Amino acid sequence: MIESRIKQTVRDVHDFPKPGIIFKDITPILKDPGLCIDITAALAMQLSNVAIDVVAGIESRGFLFGPSLAQVLNVPFIPIRKAGKLPYKTVQESYDLEYGSATIECHQDALLKGQRVLIHDDLLATGGTVVAASKLVMQMEATVVAYSFIISLDFLNGRERLTPYGNEVFSLASY
């Protein structure tokens, strides 16, 4: 039921950010507080058997539901941001994109050694940014125990790219 509600609400934007791409725009979800509450509850339910110490959300869409999910799970939330956006000392991970490269970072004191981390982003596409976030977590000597997404674009095979870092991959709606 939650999958059909998400799919009915998500807007397809053709040729964004470049020609040939059909962008899955989740912003219409944000106009429905009841759906937002239900999404957070459904994500938490999927994760009910996973021991999680911290939710790490990836900029920027991982900031929309990641903090709410952390609250429901009663664990801290940490932001993983694009390079240069955090004010304190950071740990970085660079990665390649189809059109160049990028770097993400988090504060050097965001995670403790051995902490069990859920990486959340609202959409899984090719998995490149999520793999970089996984490497960042591992660099800090924490462990990725699961991934959560509102939407997974399964035809882009992002889930397979995550397998070396963690087998628990949850999403609410798949395309």
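Above: the structure in question.
Conventions adopted
- Residues numbered from 1 in each chain as written.
- Predicted model: local features only at pLDDT ≥ 70, side-chain atom pairs only at ≥ 80, totals over all residues.
- Heavy atoms only, no water.
- Core = buried A, V, L, I, M, F, W, Y, C linked by side-chain atoms within 4.5 Å.
- Buried < 20%, exposed > 50% of the residue type's maximum accessible area, 1.4 Å probe, protein only.
- Helix = DSSP H or I, 4+ residues; strand = E, 2+ residues; numbered from the N terminus.
- Contact = heavy atoms within 4.5 Å.
- Phe/Tyr/Trp six-rings, centres within 6.5 Å; stacked < 30°, edge-to-face > 60°.

**Student:** How would you summarise the nonpolar core if you had to cite specific residues and measurements?
**Tutor:** One finds Ile-6, Ile-29, Ile-39, Leu-47 and Ile-151 to be the most contacted residues of the largest nonpolar core, which totals 29 residues. Elements represented by at least two residues in this core include exactly helix H1 (2-9), helix H2 (33-46), helix H3 (62-73), strand E9 (143-152) and strand E10 (169-174). Residue contributions to this core peak at 6 residues, all from H2. Apart from residues lying up to four places away in sequence, Ile-39 is in contact with Ile-2, Ile-6, Ile-29, Phe-65, Ile-150 and Leu-172.

**Student:** Before we move on, could you go through the packing of aromatic side chains and cite the residues and values that matter?
**Tutor:** In this structure the tally under the stated criterion is 2 aromatic pairs. Residues Phe-16 and Phe-23 carry aromatic rings whose centres are separated by 5.2 Å and whose planes lie at 85° to one another, so their mutual orientation is edge-to-face. Where Phe-63 meets Phe-77, the ring centres are 6.1 Å apart and the plane angle is 85°; that geometry is what we call edge-to-face. Residue Phe-63 is located in helix H3, and its partner Phe-77 is located in strand E4 (residues 77-82); the two are separated by 14 residues in the primary sequence. Take Phe-63: its relative accessible area is 25%, and that puts it in the partly exposed class.

**Student:** Run through the environment of Lys-135, naming residues and quoting values.
**Tutor:** With respect to the element layout, Lys-135 can be found in helix H4 (residues 128-139). With relative accessibility at 36%, the residue Lys-135 sits in the partly exposed group. In the structure, Lys-135 is positioned 111 residues away from Lys-24 in sequence and 26 Å away in space, judged by C-alpha atoms.

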